[in-house]
Every structure is written in C-alpha cells, then in structure tokens.
Amino acid sequence: MALQRTAGVVIHLTDYGEADKIVTLYSPTLGQWTGIAKGAKRSIKRFVNKLELFSHLDIDYSDQYALPIINQAELINSHLALRQNYQNYTAATLVCELFRSWTHANDHDPQLFSCLIWILERLCQHHAWQEAMVLFLIKFYSRLGYQPNLLVCATCQRLENHSGPFRFQASHGEIVCRKCQSATSAVMLSINTVKLLSKALVLPLDKLNRLRFTPSSTNEALALFKHYDRYLLDREGPSWNFIKT
Ligand SMILES: [Zn+2]
C-alpha cells in the first residue's frame, strides 16, 4: 500500500455512513483533492478536532482506490478564531465555496494556496473582513486568469479623476468611464476604488495591509466581484448571499 503525504486546507466536509467523513482539501501540491476518513467520527486519536472546515492539515493517505483513504491527519492550524465571529465565518465559508467552484483535481497552484492561507489568517485576526475579502478576491481571480483590467477605460484608454464613476463590464472584465458609457452595468466604481484595486493587483500578499479602503470602496469592490463571479460561473454561489455590504 503506497502511503502518501500532503498538506491542505479543508474546504468541504460531509458525513458518509455512520462513521466516515468525506473530506475535500485544497492542496498546494494536488489542487482540489477529496478523500475518505474511515471511522472519523469515532477515532478520537487520529482525527478529533482536525477534520473541520478551514483546518490546515498535513495528512497521510493511500490512493490505491478511486477515493483515497485518509489514514491520519496532523493539525497545522485550525483557524479556530473564525468560529467566534459570524461575519468572518461566513466570509471564510465563501472562500471555501470559491475554491470548490474554481479549482480542480490535479491542478495545483501554490500561489493560490498562499492566497487561501492569507485570507484565513487575516479573517482569524478579526480585521475588517470586507477589506480582507476584497484584497483576497482581486488576487484570487487574477491567479485564475480573470484579472479585471482596471488600469484605463477600455474605450478611450484613459484614467482621469474627473471621468468617474466607471462602470464594470463583466463580459470583458473591464471598466468604461462616464464619457464613454453606452451600455449599462449594475456595477459602478469610483476612481478611488479603481485605483485601490489596481494597487492591490501589483502588491505582494505581505504588503497588502498598506492599502486602506473606505467603506464605500469596499462595498463597490464586493459588488464588483459578486457580479463578476456570477457572470463567469453563470450561477450565483449561495454563500455570496450571506455577505452583507
Ligand atoms: Zn473612456
């Protein structure tokens, strides 16, 4: 029996039968990965308090079957503080839902994994969750290849302070200034929001805390990503509804 090992964050859990759990992780080496933890509901030593949503784990598994078997889990970080604040918990639930919707098996991206760890830790620190989510979302869609073009108006190729508000057009992932607008779009962005998001795109994760969003910029940006996600997936993920702006 070939034993393997990987790290990962639990992004989904379901009970299976009386004693087992089906566990989905996002792993920096395997991408989205699902295995079964047999006897997980009874085995105190191997699994208790480890197989929980948001837990960062090291697991040992064997993959001789179509559904790999998780033999053991070691807890790296439970992200327990997420459970003490309803809004931070729901924001983290949305993060897990996005990873389930957008990532695939055998398609790993260590940078995407770093984004996942970054947002969970940030939400654990009980910083303003809205701002943390905006910064996560801009990095997340960029890694997926859907980086919105926020540098200039897509029509006149300019970005001028007086040419806002801008409209975001999800079909092209671009903004159009007030003068060039012909089509309507539900998502309006102030010049301030556009500039903050553009800065977030180029800053590394460990420098993102330099940016300060006003409440209105945070709301505009969250509305943008909700709209963009619904357009790209052609459906609305249920956890978006719990995100209050
Ligand atoms: Zn324009």
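Higher on the page you've got the structure.
Reading guide: rules and limits
- Residues numbered from 1 in each chain as written.
- Predicted model: local features only at pLDDT ≥ 70, side-chain atom pairs only at ≥ 80, totals over all residues.
- Heavy atoms only, no water.
- Salt bridge = Lys/Arg side-chain N within 4 Å of Asp/Glu carboxyl O.
- Buried < 20%, exposed > 50% of the residue type's maximum accessible area, 1.4 Å probe, protein only.
- Helix = DSSP H or I, 4+ residues; strand = E, 2+ residues; numbered from the N terminus.
- Expected span 1.5 Å × (residues − 1).
- Contact = heavy atoms within 4.5 Å.
- Polar contact = N/O pair within 3.5 Å; in protein donor to acceptor, adjacent residues only side chain to side chain.
- Pairing = 2+ DSSP bridges.
- Donors = N, O, S within 2.8 Å, 3.2 Å for Na, K, Ca; no water.
- Tetrahedral: all angles 85-135°; square planar, octahedral: opposite > 155°, others 65-115°.
- Axes fitted to C-alpha atoms, helices over the stretch in contact; angles between N-to-C directions.

Novice: Now, about the pattern of salt bridges: what can you tell me, with residues and values included?
Specialist: Per the stated rule, a full pass over the model turns up 11 salt bridges. Where Lys 207 meets Asp 206, a salt bridge forms, and the shortest distance between an N and an O atom there is 4.0 Å. Overall, the relative accessible area of 30% leaves Lys 207 in the partly exposed class. For Asp 206, a relative accessible area of 57% gives the class exposed. Salt bridges here are not isolated pairs; linked through shared partners, they connect Arg 5, Asp 58, Asp 60 and Glu 74.

Novice: An account of helix α3 (residues 110-124) is requested, with residue identities and associated values reported.
Specialist: Compared with the 21 Å implied by 1.5 Å per residue over 15 residues, the 21 Å span of α3 between its first and last C-alpha is a close match. Along α3, 11 of the 15 residues are buried, which leaves the element largely enclosed by surrounding structure. Regarding α3, the residues found buried are Leu 112, Phe 113, Cys 115, Leu 116, Ile 117, Trp 118, Ile 119, Leu 120, Arg 122, Leu 123 and Cys 124. Summarising the contacts, the buried residues of α3 are in contact with β1 (3-16), β2 (20-27), β4 (56-62), α2 (86-102) and α4 (129-143). N-capping of α3 is provided by Asp 109, with a side-chain oxygen placed 2.9 Å from the backbone N of Gln 111. Following α3 by one or two positions, His 126 adopts a phi angle in the positive range, close to 60 degrees.

Novice: How would you explain the pairing of β4 if you had to name every residue and give the values?
Specialist: With 5 of its 7 residues buried, β4 lies for the most part within the structure. Pairing analysis gives 7 bridges linking β1 to β4, with the strands arranged antiparallel. Looking across to β4, one finds that Gly 8 is bridged to Leu 57. Judged from the 7 bridges that link them, β4 and strand β5 (residues 69-77) form a sheet pairing that is antiparallel. Within β5, the residue paired with Tyr 61 across the bridge is Ile 70.

Novice: Talk me through the coordination of the zinc ion; I want residue IDs and the actual numbers.
Specialist: Coordination of the zinc ion by the protein involves Cys 153 (SG), Cys 156 (SG), Cys 177 (SG) and Cys 180 (SG), with metal-donor separations of 2.3 to 2.4 Å. Here the zinc ion is ringed by 4 donor atoms whose angles at the metal span 102 to 115 degrees, and the overall shape comes out tetrahedral. Positions of the donor residues of the zinc ion along the chain correspond to the pattern C-x2-C-x20-C-x2-C. Judged by its relative accessible area of 2%, Cys 177 falls in the buried class. Given the relative accessible area of 21%, Cys 180 is considered partly exposed.

Novice: Outline the sheet that holds strand β8 (residues 174-176), listing residues and values.
Specialist: Read from one edge to the other, the open sheet built from 4 strands follows the order β6-β8-β7-β9, with strand pairing classed as mixed. Each edge of the sheet is formed by a strand with only one pairing partner; in this case those strands are β6 (149-153) and β9 (187-189). Averaged over all pairs of adjacent strands, the angle between strand axes in this sheet comes to 35 degrees, irrespective of strand direction. The strands touched by helix α5 (residues 191-202) within the sheet are β6, β7 (166-169), β8 and β9, with β6 carrying the most contacts at an inclination of about 130 degrees.

Take it as geometry only, folks, not as evidence of what the structure does.
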